[in-house]
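Here's the letter readout for the chains.
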Amino acid sequence: MKLNNLQKTNFSKMRVGRGIGSGKGKTSGRGVKGQKSRSGVAIKSFEGGQMPLFRRLPKRGFKSINKKKIAVFNLSDIQNFIKNKKIKSSEEFNIKFLKEKKMIKKDFNLLKILGKGEIKDKLKISIDFISKSARSKIEKAGGSINILKKNK
């Protein structure tokens, strides 16, 4: 039977397990015995004895257990905090202060400031890392920077 695009298809789904007269009764087309004849069994990634795809592909990279989590802030972020009165320019800006104010998660152990944006307020900053542009902008605004010694 040939179908064109205008004809409607009215084929009903095969109802398995409805007696021997249906042609799909008793074992319901699953054959006899074995893992695949049982219900709820899917042999994932089995490719008929061929080497599975996940074993053919090379393994790449790893997760370092000694990785330090660094919180990164731009000068524009700090200026927005001051503008929205989340922080005061008189307070010392450091990682402990940010954790207390719940501005960063507790699992961050280092802090870095980048130079995107402008800073207008005089800040007292105590951090682990800072970019050259951020340093020059903070010093230009009259702020002071204290760089902590690197944790090794």
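Higher on the page you've got the structure.
All of these numbers come straight from a predicted model, not from anything done at the bench.

Draft legend 1. Spatial organisation of the overall build of the chain. Along its length, the chain carries four helices and six strands. In the chain, the order of α-helices and β-strands from amino to carboxyl end is α-β-α-β-α-β-β-β-α-β. Taken against the 2.2 N^0.38 rule, which gives 15 Å for 152 residues, the C-alpha radius of gyration of the chain at 33 Å runs more than 25% over that of a compact globule. Across its three principal axes, the chain shows a C-alpha extent of roughly 90 × 45 × 30 Å. When contacts within the chain are restricted to residue pairs at least 6 apart in sequence, those whose partners lie at least 24 apart make up 37%. Counting 42 positive and 10 negative side-chain charges, the chain places the centres of these two groups 20 Å from one another.

Draft legend 2. Quick look at the sheet that holds strand 6 (residues 144-147). The strand order across the open sheet formed by three strands is 2-4-6, and the pairing between neighbours is parallel. Of all the strands in the sheet, the pair left with one neighbour each is strand 2 (92-93) and strand 6. Here strand 2 runs beside strand 4 (residues 124-127); their pairing, made up of two bridges, is parallel. If you follow Glu-92 over to strand 4, its bridge partner there is Lys-124.

Draft legend 3. Region of interest: the sheet that holds strand 1 (residues 70-74). With parallel pairing, three strands are arranged side by side in an open sheet as 1-3-5. A single partner strand is all that each edge strand has here, and the edge strands are strand 1 and strand 5 (129-130). Taken strand by strand, helix 2 (residues 75-83) contacts strand 1 and strand 3 (110-114), and its axis lies near 75 degrees from that of strand 1.

Draft legend 4. Local environment of the side chain of Ser-131. Turning to its location among the elements, Ser-131 is positioned in the loop between strand 5 and helix 4 (132-140). Classification of Ser-131 as buried rests on a relative accessible area of 17%. Separated by 3.3 Å, the side chain of Ser-131 and the backbone nitrogen of Gly-115 make a polar contact. Once residues within four sequence positions are removed from consideration, Ser-131 is found in contact with Ile-113, Leu-114 and Gly-115.

The rules behind the values
Sequence order as written defines the numbering, with residues in each chain counted from 1. Residue-level local features of this predicted model are given only where pLDDT is at least 70; pairs of side-chain atoms are given and counted only at 80 or more, and the full residue set underlies all totals for whole chains, interfaces and linings. Hydrogens and water molecules were not included; the side-chain quantities draw on all heavy atoms of the structure. A run of H or I in DSSP becomes a helix once it reaches four residues, and a run of E becomes a strand once it reaches two; helices and strands are each numbered from the N terminus. In this treatment the radius of gyration is a C-alpha quantity, and the globule benchmark scales as 2.2 Å times the residue count to the 0.38 power. Any pair of residues with heavy atoms lying within 4.5 Å of one another is described as a contacting pair. Counting rule applied: Lys, Arg positive; Asp, Glu negative; His and chain ends not counted. Charge coordinates come from a single atom per side chain, which is NZ of Lys, CZ of Arg, CG of Asp or CD of Glu. Here a strand pair is declared whenever DSSP counts at least two bridges between the two strands. Here the axes come from fitting lines to C-alpha atoms, over the contacting stretch only for helices, and the angles between their N-to-C directions go from 0 to 180 degrees. Per-residue accessibility, obtained with a 1.4 Å probe over protein chains only, is compared with the maximum for each type, and a residue is labelled buried under 20%, exposed over 50%, and partly exposed between these values. In protein, a polar contact means a hydrogen-donor-capable atom and an acceptor-capable atom, both N or O and within 3.5 Å, with residues adjacent in sequence counting only if both atoms are side-chain atoms; elsewhere, any N or O pair within 3.5 Å suffices.

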